[in-house]
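Residue strings, one per chain:
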Amino acid sequence: MSERTQKVETGLEGHSGPLAGADILSVDQFDCDLLDAVFERADIFRQLVEAVGTGDRLAGYVLTCLFYEPSTRTSSSFLAAMQRLGGRVIPITQGVQFSSVSKGESLPDTIRTLEQYSDVIVLRHPEVGAARVAAEYSSVPVINAGDGPGEHPTQALLDLYTIQQELGRIDGLKIAMVGDLRYGRTVHSLTKLLLQYDVSLRFVSPDSLRLPMVLRNKAEDAGLKLRETHDLSDVIENADVLYVTRIQRERFADPKHYDEVKGLYTVDRKVMSRAKERMVVMHPLPRVGEIAPEVDGDPRAAYFRQARNGVYVRMALLAMVLGQ
Ligand code: NCD
């Protein structure tokens, strides 16, 4: 009998903790205290995985991963996180073309069905706000795994966790975001989170891919002097964190505009030779040429460690929303 079954039978089941039963739709839900709580749990789960591989905290629970857009890291790290905590998974991650979505089923109907089978739903969808809509229809927690160019909150949490792990702090750092700041949802979520800290932010992009106005305004409201540039050279020498992103080709209405900006920034060995000795290069991945493979062996290249951290942070989030 699982611990959960025991709790149900003894009437002791009760959701507890700050995220218990909650949806995770936006980073706006996270203040510094809650972030600390998530990262503390992530540290504990890191130790669990490193010591014994798996546990059984989520035995008896089922996760559905419902992905309407391609994914490697987000979907498989959620599946890994659930399984490393002893839970089970329904992976609709090979493309919704194999589900009834291809027959024209609406998102609300799909969600109302999947909540019958699972205790938590992770959703990636091409439309901004889709996770919020899903959450309205779902009685089980919905976790936003990317809603078009909107937000990608769990990625931002693992990005922040990685900065903390790699550099030991967040306050006082100079963080530069590079690439597609307009459509890159990971940049949107991470920027909002970082506004809660005492950091200096630099934004490097072509004019057409600047950070959206609403975020620029938010930054200014938070008392941050916005520093934008087209040129990677302006930031490389001072950055403690270089957060590189892919130009989001799938978001461009006109392929001509993508061709104009693709390949604009490349972090290679030469660029790295100008960077601080103690700094990190991050990327949510996939990369399509923004970071040359010759950089991979550089100890400052943190992007694969960043991907690994995704498992620990998602273990923490799953346990917390399930009140465990
Ligand atoms: C990102 C995404 O899907 O927004 N990938 C990820 O989740 N790790 C970034 C991207 O696709 O460029």
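Residues numbered from 1 in each chain as written. Predicted model: local features only at pLDDT ≥ 70, side-chain atom pairs only at ≥ 80, totals over all residues. Heavy atoms only, no water.

**A word on the domain arrangement of the chain**
Thinking step 1. Looking at the assigned domains, one finds that the chain contains domain 1 (3-151 + 308-321) and domain 2 (153-307).
Thinking step 2. Here the C-alpha centroids of domain 1 and domain 2 sit 26 Å apart.
Thinking step 3. With 34 residues of domain 1 at the contact, the number on the domain 2 side is 26 residues.
Thinking step 4. Summed over both sides, the interface of domain 1 with domain 2 buries roughly 2,500 Å², with 57% coming from carbon and sulfur.
Thinking step 5. Among the residues domain 1 hides against domain 2, the three largest losses belong to Val27, Phe39 and Arg73. Together they make up 24% of the total. (Domains from an automatic or database assignment. Contact = heavy atoms within 4.5 Å. Buried area = accessible area lost by both parts, 1.4 Å probe.)

**Considerations on the site of the ligand**
Thinking step 1. All residues adjacent to the ligand are Thr74, Arg124, His152, Gln155, Arg185, Thr186, Arg246, Gln248, Pro284, Leu285 and Pro286.
Thinking step 2. Within the side chain of His152, an N or O atom sits 2.8 Å from an oxygen atom of the ligand.
Thinking step 3. Between a nitrogen atom of the ligand and a side-chain N or O atom of Gln155, the distance comes to 3.2 Å.
Thinking step 4. Protein contact buries 94% of the 320 Å² of open area that the ligand shows by itself.
Thinking step 5. Counting atoms within 2 Å of the grid points, the majority share of the ligand lands in the largest pocket.
Thinking step 6. Looking at the shell around the ligand residue by residue, the classes come out as three nonpolar, five polar and three charged. (Near = heavy atom within 4 Å. Polar contact = N/O pair within 3.5 Å; in protein donor to acceptor, adjacent residues only side chain to side chain. Areas by Shrake-Rupley, 256 points an atom, 1.4 Å probe, with all protein chains shown as cover. 1 Å grid on protein atoms, 1.4 Å probe; cavity = no way out; pocket = protein on both sides within 12 Å on 5 of 7 lines; lining within 4 Å. Sits in = over half its atoms within 2 Å of the grid points. Nonpolar A, V, L, I, M, F, W, Y, C, P; charged D, E, K, R; others polar.)

**Overview of the sheet that holds strand E7 (residues 227-229)**
Thinking step 1. Taken in spatial order, the five strands line up as E7-E6-E5-E8-E9 in an open sheet, and their pairing is parallel. Every interior strand has two partners, whereas the edge strands, E7 and strand E9 (280-282), have only one. Adjacent strand axes in the sheet meet at a mean angle of 20° when their direction is disregarded.
Thinking step 2. Pairing of strand E5 (residues 174-178) with strand E8 (residues 241-244), which is carried by four bridges, proceeds in the parallel orientation. What sits directly across from Val178, in E8, is Val244.
Thinking step 3. Each of E5, E8 and E9 is contacted by helix H6 (residues 153-167), which is oriented at about 165° to E9, the strand it contacts most.
Thinking step 4. Along the sheet, helix H7 (residues 185-194) makes contact with E5, strand E6 (200-204) and E8, crossing E5 at roughly 160°. (Pairing = 2+ DSSP bridges. Helix = DSSP H or I, 4+ residues; strand = E, 2+ residues; numbered from the N terminus. Axes fitted to C-alpha atoms, helices over the stretch in contact; angles between N-to-C directions.)

**Remarks on the layout of surface pockets**
Thinking step 1. In this structure, the largest pocket spans a volume of roughly 440 Å³.
Thinking step 2. Arg124, Arg185, Arg246, Leu285 and Pro286 are the residues nearest the centre of the largest pocket, which is lined by 21 residues in total.
Thinking step 3. Sorting the residues of the lining of the largest pocket by element identifies helix H3 (73-84) and H7 as the ones contributing at least two each.
Thinking step 4. Its residues placed into classes, the lining of the largest pocket shows four nonpolar, 10 polar and seven charged.
Thinking step 5. No fewer than three residues from each of domain 1 (3-151 + 308-321) and domain 2 (153-307) sit in the lining of the largest pocket. (Points joined across faces, edges and corners; volume = space filled by probe spheres on them.)

**What to know about the sheet that holds strand E1 (residues 62-67)**
Thinking step 1. Spatially, the four strands line up as an open sheet ordered E2-E1-E3-E4, and their pairing is parallel. Single-partner strands in this sheet number two, and they are strand E2 (88-92) and strand E4 (142-147). Here the average twist between neighbouring strands, direction ignored, is 10°.
Thinking step 2. Pairing of E1 with E2, which is carried by five bridges, proceeds in the parallel orientation.

**Quick look at the nonpolar core**
Thinking step 1. Formed by 67 residues in total, the largest nonpolar core has its most connected members in Leu19, Phe30, Val38, Leu63, Leu160, Leu194 and Leu318.
Thinking step 2. Broken down by element, the residue count for this core peaks at 10 residues, all from helix H11 (residues 303-321).
Thinking step 3. Two domains share this core, each providing at least three of its residues, namely domain 1 (3-151 + 308-321) and domain 2 (153-307).
Thinking step 4. Not counting residues within four places of it along the chain, the set of residues in contact with Leu318 comprises Leu58, Leu63, Phe78, Ala81, Met82, Val120 and Ile143.
Thinking step 5. Of all hydrophobic cores here, the second largest spans 21 residues; its members include Val244, Val271, Met279 and Ala301. (Core = buried A, V, L, I, M, F, W, Y, C linked by side-chain atoms within 4.5 Å. Buried < 20%, exposed > 50% of the residue type's maximum accessible area, 1.4 Å probe, protein only.)

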